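So you can see what is in the structure, the chains are spelled out below.
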There are 2 protein chains.
Amino acid sequence: MLVSEKMRPLLENNSAIRAMFEEGKRMAAVYGAENVYDFSLGNPSVPAPEEVKKAIYDILETEPSGLVHGYMSNAGFEDVRESIAASLNKRFGTAFQAKNLIMTVGAASGLNIALKALLNPGDEVITFAPYFVEYGAYVRNYDGVLVVISPNTEDFQPNLQEFEEKITAKTKAVIVNSPHNPTGVVYSEETIQKMAKIMEKKQKEFGHAIVLISDEPYRELVYDGVEVPYLTKYYANTIVGYSYSKSLSLPGERIGYVVIPDEMEESSQVIAAMTIANRVIGCVNAPSLMQRVIARCLDAKVDVETYDRNRMLLYSALKEYGFTCIKPQGAFYLFVKSPVADEKVFCQEAKKYHILMVPGSSFACPGYVRISYCVSEDTIRNSLPGFRKLAEEYGLTN
Amino acid sequence: MLVSEKMRPLLENNSAIRAMFEEGKRMAAVYGAENVYDFSLGNPSVPAPEEVKKAIYDILETEPSGLVHGYMSNAGFEDVRESIAASLNKRFGTAFQAKNLIMTVGAASGLNIALKALLNPGDEVITFAPYFVEYGAYVRNYDGVLVVISPNTEDFQPNLQEFEEKITAKTKAVIVNSPHNPTGVVYSEETIQKMAKIMEKKQKEFGHAIVLISDEPYRELVYDGVEVPYLTKYYANTIVGYSYSKSLSLPGERIGYVVIPDEMEESSQVIAAMTIANRVIGCVNAPSLMQRVIARCLDAKVDVETYDRNRMLLYSALKEYGFTCIKPQGAFYLFVKSPVADEKVFCQEAKKYHILMVPGSSFACPGYVRISYCVSEDTIRNSLPGFRKLAEEYGLTN
């Protein structure tokens, strides 16, 4: 077979995802797109803020083509990184400079360059279930081993006891994601402090750095005034990966950055290695026009109110119908307990009512389903009778 | 050390490049930027054509934000791929469909997803010196081994005898680059036919496919009416990697595509694997706005005349001064024979006259230097007295 051995399992898995996608398309063709309630995707429904369009016009009118569309340092435009650093410092009381930032092709590339810079074959990377399944592929790209901590279904804060037990001499990094996909949980300051303490202890015990990688594309999507702690302030060996995919609704543009603070061990070498990784994995640099747009949109934000209305509408309805679900504080997902142990059966049953959801198994957390509420309010409203019938069918209603 | 073992040699090598870059900055500070003749970079000097700006405006005015900036298939927008396929078919008499194309984050990502999809550890990838040094890093990303065919300094067409000898049972792919960086050579139809014949013979001999990867970001930058053969027409197992970095002067935007023809062995699996690779190496998809721009700029092209004038100006002058150099037919580089065996000494000497060039050793071809003429005409004119003095110094003038 022509395809490499490492890629073959991914090929097989992909067929399953494709089957789900094809099923959605088939249902839309049969019943009409407006009668299919597709809660399976994380594609933002709220448009990019007007500032983005205005920034593009301003840039094209005032900056020369060679600057706007040209090569720059593999780390990104210095002035753009400077502006973002200043904005972070103002918001979080940090002390980053341009040199601490690398502009990346979205958060996914940010994670990849961090892992490429850090991992030797066999190195372990810990993450907490439920987790974004791509983490596994990213870690295996560099022959690392993903170690998964089992879910704490009580409140979906990380299971810190198991975490402490599973850190070994081979642990090189830990990936956290808050606000969290798929649960919508925000890791509390207390959680972060405890994690940092455990990691510091283990660093001493094993005599080498353990890097905390914070994947935070949902940072700006929070509700009820909840605060998302900035992790470099709690643990020195932290790399932050950020993306504008959700905060500015630009997921297709692939624009984000990573932060490597000076406090990090061998910081300048890690920065250099990640910058080179950005080049050699083939990104070369983050898209240039979008870099320049970001520098002009530092205070812009999508309309989070809309997501909040969707959240409350769907959460209240599902609770009323008898479903079990924690109230999400961030992101745009509800993680709902399946009324039957095999949540795939529940997902299948929901299709009767034209409702599409992602089984929790896809996040290493069976028994739950992910419902993305980054859809129109109409989609939610029109789906509710279906959810109610499902609740009745499973005897959830009081 | 925190940085992975695989990245460490890249870190060391990077310091050398950085040193060169710093030297250029130092010279610009001392002598004034206009008095430093920097021929070391491949950053296009000709602006993007007006059609690009117009396309961006049209798109922002007529297409919804969710489409323009949103997620699409990991292979890219279907309508965009369809348009590019139709344009290729019209130009080259091919029969591609949307499914044969994957939009990529520039040509560098295109090469990476091809190599990730194909290579098992230890697989060999052949390329021809002089070659773009990043190929080595791309191949090593997937634990492949780059096998380099020594340069044919006669005319810089590939050394096909050595090529045939070095194909082994482990050869999985061959990378060619035409129009060629750093020599400006265009591989002739005769060369391509001979290569194809050799590769077909070796495929039979070893009983497995050998993939030809054509890296062709310079396709549109050709002079004197030379034709660049379209390789899928000569050899079935061909993957074409293309980029708009040079044809539309958009190198910072990271927009390109790969073509995998139906004629390729296990074509649909290779396409699926490369699409997944696009996702898991972290690109996810090529930047969305730029994809949509490309579909509206299929017949646009930078002002190649400007590069041609630069080419003739510099080539004629250097020949007149006594330098040895083949006349480039494409791209925007001259590859000039160093008057002394160690071309690094020559590069050092040229700095006296504020001339910056890249040593051929950086392309596995010592004894030569690369001069990028994608600079302003003034830079070339003002550099000529320096080149004349160098020629005199080395006794080249008649």
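Quick summary incoming for the structure in this document. (Residues numbered from 1 in each chain as written. Chains lettered and ligands numbered in written order. Predicted model: local features only at pLDDT ≥ 70, side-chain atom pairs only at ≥ 80, totals over all residues. Heavy atoms only, no water.)

Residue and element names in this part refer to chain B. Taking strand neighbours across the sheet as the criterion, the three strands line up as β9-β12-β11 in an open arrangement whose pairing is antiparallel. Strands at the two margins of the open sheet, each flanked by one partner only, are β9 (333-337) and β11 (358-359). Taken together, the two bridges between β11 and strand β12 (residues 368-372) define a ladder with antiparallel strand orientation. Within the sheet, the bridge partner assigned to Val358 lies in β12 and is Arg370. (Pairing = 2+ DSSP bridges. Helix = DSSP H or I, 4+ residues; strand = E, 2+ residues; numbered from the N terminus.)

Placing chain A over chain B gives an RMSD of 0.0 Å and needs a rotation angle of 180°, together with 0.0 Å of translation along the axis. Taken together, these values place the two copies in the relation of a two-fold axis. Here 100% of the interface residues in chain A have copies in chain B that are interface residues too; the copies meet face to matching face. (Least-squares fit on C-alpha atoms with pLDDT ≥ 70 in both. Contact = heavy atoms within 4.5 Å.)

Moving on, we come to the nonpolar core. One broad trend across soluble globular proteins is that nonpolar side chains are buried collectively. By size, the foremost hydrophobic cluster in this structure holds 88 residues, and its most contacted members are Ile239(A), Ile260(A), Met274(A), Ile239(B), Ile260(B) and Met274(B). In this view, Ile260(B) contacts Asn100(B), Ile102(B), Ile239(B), Ser267(B), Val270(B), Ile271(B) and Met274(B); residues no more than four positions away in its chain are not counted. If you look at the next biggest cluster of nonpolar residues, it comprises 66 residues, including Tyr230(A), Ile59(B), Ile294(B) and Cys297(B). (Core = buried A, V, L, I, M, F, W, Y, C linked by side-chain atoms within 4.5 Å. Buried < 20%, exposed > 50% of the residue type's maximum accessible area, 1.4 Å probe, protein only.)

The interface of chain A with chain B comprises 70 residues on the first partner and 71 residues on the second. Carbon and sulfur atoms make up 55% of the area that chain A and chain B hide from each other, which totals about 5,800 Å². It is Leu2(A), His69(A) and Tyr71(A) that lose the most area in chain A upon contact with chain B, and together they represent 13% of the buried surface on that side. One can count four salt bridges joining chain A with chain B. (Buried area = accessible area lost by both parts, 1.4 Å probe. Salt bridge = Lys/Arg side-chain N within 4 Å of Asp/Glu carboxyl O.)

Another aspect to go through is the pairing of β12(B). Where a strand is regular, its side chains alternate between the two sheet faces. Judged by how many residues are buried, β12(B) sits mostly within the fold: five of five residues are covered. Alternating positions in β12(B) separate into two faces, Tyr368(B), Arg370(B) and Ser372(B) on one and Val369(B) and Ile371(B) on the other, with burial throughout.

So, about unusual backbone geometry. Residues and elements named next belong to chain A. For the peptide bond that leads from Ser178 to Pro179, omega is -5°, which places it in the cis range. Inspection of the secondary structure puts Pro179 in the loop between β5 (171-176) and α8 (189-206). Positive phi is not limited to glycine here, since Arg254 has a value of about 55°. Tracing the sequence through the fold places Arg254 in the loop between β7 (238-243) and β8 (256-259).

Below, the discussion takes up the sheet that holds strand β4 (residues 145-149) of chain B. Residues and elements named next belong to chain B. Taken in spatial order, the seven strands of this open sheet run β2-β8-β7-β6-β5-β3-β4, and their pairing is mixed. If you trace the sheet from one side to the other, it starts and ends with β2 (101-104) and β4, each paired once. Strand-to-strand, the axes of this sheet are offset by a mean angle of 20°, without reference to chain direction. In this structure, strand β6 (residues 211-215) lies alongside strand β7 (residues 238-243), joined through four bridges in parallel fashion. Paired with Leu212 across the strands is Thr238, a residue of β7. Docked against the sheet, helix α5 (residues 106-118) engages β2, β3 (124-128), β5 (171-177), β6, β7 and β8 (256-259), running at close to 170° with respect to β6. Of the strands in this sheet, β2, β7 and β8 touch helix α9 (residues 267-280), which is tilted by about 15° from β2. (Axes fitted to C-alpha atoms, helices over the stretch in contact; angles between N-to-C directions.)

Let's shift gears to the side chain of Glu124(A). Checked against the element boundaries, Glu124(A) lands in strand β3 (residues 124-128). An unpaired buried charge is present at Glu124(A): no salt bridge exists, and Lys170(A), the closest side chain of opposite charge, is 5.8 Å distant. (Lys, Arg positive; Asp, Glu negative; His and termini not counted.)

Further remarks concern the packing of aromatic side chains. Note on aromatic pairs: each is described by the distance of the centres and the angle between the planes. All names here are of chain A. In this structure the tally under the stated criterion is 41 aromatic pairs over all chains. Their ring planes at 25° and their centres at 4.5 Å tell us that Phe92 and Tyr230 sit as a pair that is stacked. Residue Phe92 is found in helix α4 (residues 78-92), and its partner Tyr230 is found in the loop between β6 (211-215) and β7; the two are separated by 138 residues along the sequence. For the pair formed by Phe92 and Tyr230, the shared burial category is buried. Aromatic side chains Phe96 and Tyr230 sit 6.1 Å apart centroid to centroid with 50° between the ring planes, which places their arrangement in the tilted category. Placement of Phe96 in the loop between α4 and β2 (101-104) and of Tyr230 in the loop between β6 and β7 is noted, with a sequence separation of 134 residues between them. Take Phe96 and Tyr230: they sit in the same class, and that class is buried. Grouped by ring-pair contacts, the aromatic residues Phe39, Phe323, Phe346, Phe387 and Tyr394 constitute a single cluster. (Phe/Tyr/Trp six-rings, centres within 6.5 Å; stacked < 30°, edge-to-face > 60°.)

A word on the pairing of β3(A). Residue and element names in this part refer to chain A. Most of β3 sits out of view: five of its five residues are buried. Residues Glu124, Ile126 and Phe128 of β3 are buried on one face, and the alternating residues Val125 and Thr127, pointing to the opposite face, are buried as well. By the bridge criterion, five bridges tie β3 to strand β4 (residues 145-149) in an arrangement that is parallel. Among the inter-strand pairings, Val125 is bridged to a residue of β4, identified as Leu146. Relative to β5, β3 runs parallel, the two being bridged by four bridges.

It is worth spelling out helix α11 (residues 304-321) of chain B at this point. Residue and element names in this part refer to chain B. Between the first and last C-alpha of α11 there are 26 Å, a value that for 18 residues agrees with the 26 Å anticipated at 1.5 Å per step. Within α11, the full set of buried residues consists of Val304, Tyr307, Asp308, Asn310, Arg311, Leu313, Leu314, Tyr315, Ala317, Leu318 and Tyr321. Tucked into the core, α11 has its buried residues touching β9, β12 and α13 (377-393). Directly after α11, the chain includes Gly322, whose backbone phi takes a positive value near 105°. (Expected span 1.5 Å × (residues − 1).)

Everything listed here is a matter of coordinates, which is why it stays silent on function.
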